[in-house]
Amino acid sequence: MTERYDRHTLIPDWSQQALTDASAVIIGVGAVGSEVARLLAQAGVGRLLVCDPDSVAESNLSRGTGYGPDDVGRPKATVVADALQAREPKLAVTARVADFRHGVGLAELRSADLVLSCLDSVTDRIALASRCNLVEAGMLDAGTHPWGGEVRYHPTGGTCFACGVPAGERALSAWHVACADPPRLAGASAPVSALTAAWQATLAVRILFGLPVDAGAVRLDPLTGESRPVLLRRDPECPCHRRLDPDRITRAGLDTGATVADVLALVRPEEQPLVWQSVDPLGSTSLRAASPNATLADLGVPPGEILPVVRPPADVRYLELEKEALG
Ligand SMILES: [Zn+2]
């Protein structure tokens, strides 16, 4: 009789236990993200959090993993999580049907062993890079073009995705709070998406094993039959490297079912507790501008979020919400 992971034991440097103990957050479960989720689950990663705001469309059925005709109209994150759970009963998988800014808290990014970006817009990638940098989380990004793909690894403290974007394109001052651009649609196919996802998943397991993985980008070019590393340089002008001081973070003992009034009870009258997204049509990010009875979930605050609390004139501390237990 053979065991499920018998062939893995023959791979140099493979540690099944390391994968069992590992957790990964996958942002975006479209063509690339659903495939990389399948590969990591099948490899034996123990805990996955998959996040996507979109529902399965007919045009998604030509790519991606886990979608079928009966899933059209259902949330991609839920469909993918259900498919993963069915094939990997021991996997602890959590689905978040939301934009990642509302779906995955900063503390959840921080505590994951790896954050995989499978997004389809530059703006979203920069926003995710900014959020990862806030809590020093590494980010492994993948994207496709019609006949190839690119995988970028950004360990903590080095380059981020935004460093490689021309300054003019990242001109918004606060990418981590910017709303998403509509993605620019480009040609995509199952073979190219799977190729890119497989490269991303291979690097992911090596990172989870603690094996050397070069920072920077790898371009996959099936037209020439080449994969080429591309060195990325840290841009000292990149505005996305703000970091939350861990010594200024306190656990709030609240979850997203808590109300604004519950948060206000934890701060002094002169303090302004903030969220990363606006809470009213005028764009205020102060919880004092929100209804006291509104829950944090009502305001789009994700589990495990870390909320800034500004103390005049220019001091800031942070409140960390409870994470949802994964799986
Ligand atoms: Zn950067």
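As annotated in an unreviewed UniProt entry, the protein chain is Molybdopterin/thiamine biosynthesis adenylyltransferase from Actinocrispum wychmicini.

A. Expanded view of the domain arrangement of the protein chain. Assigned domains of the protein chain: these are domain 1 (6-230) and domain 2 (246-320). At the junction of domain 1 with domain 2, the criterion picks out two salt bridges. The salt bridge involving R110 is made with E320; its shortest N-O contact spans 2.9 Å. Elements supplying a minimum of two residues to the side of domain 1 that touches domain 2: helix 4 (100-103), helix 5 (106-111) and helix 6 (122-134). Among the elements that make up the side of domain 1 that touches domain 2, the one with the highest residue count is helix 5 (four residues).

B. Main features of the layout of surface pockets. When its volume is computed, the second largest pocket comes out at roughly 270 Å³. What lines the second largest pocket is a set of 13 residues, among which R4, Y5, T20, G44 and K90 lie closest to the centre. Of the residues belonging to the lining of the second largest pocket, the class tally is five nonpolar, five polar and three charged.

C. Helix 7 (residues 190-209), seen in detail. Taking 1.5 Å of rise per residue, 20 residues should cover 28 Å, and helix 7 covers 28 Å from first to last C-alpha, within 8% of that figure. Those residues of helix 7 that sit buried are V192, S193, T196, A197, Q200, A201, L203, A204, V205, I207, L208 and F209. G210 lies just past helix 7 and shows a positive phi near 80°.

Reading guide: rules and limits
Residues numbered from 1 in each chain as written. Predicted model: local features only at pLDDT ≥ 70, side-chain atom pairs only at ≥ 80, totals over all residues. Heavy atoms only, no water. Domains from an automatic or database assignment. Salt bridge = Lys/Arg side-chain N within 4 Å of Asp/Glu carboxyl O. Helix = DSSP H or I, 4+ residues; strand = E, 2+ residues; numbered from the N terminus. 1 Å grid on protein atoms, 1.4 Å probe; cavity = no way out; pocket = protein on both sides within 12 Å on 5 of 7 lines; lining within 4 Å. Points joined across faces, edges and corners; volume = space filled by probe spheres on them. Nonpolar A, V, L, I, M, F, W, Y, C, P; charged D, E, K, R; others polar. Expected span 1.5 Å × (residues − 1). Buried < 20%, exposed > 50% of the residue type's maximum accessible area, 1.4 Å probe, protein only.

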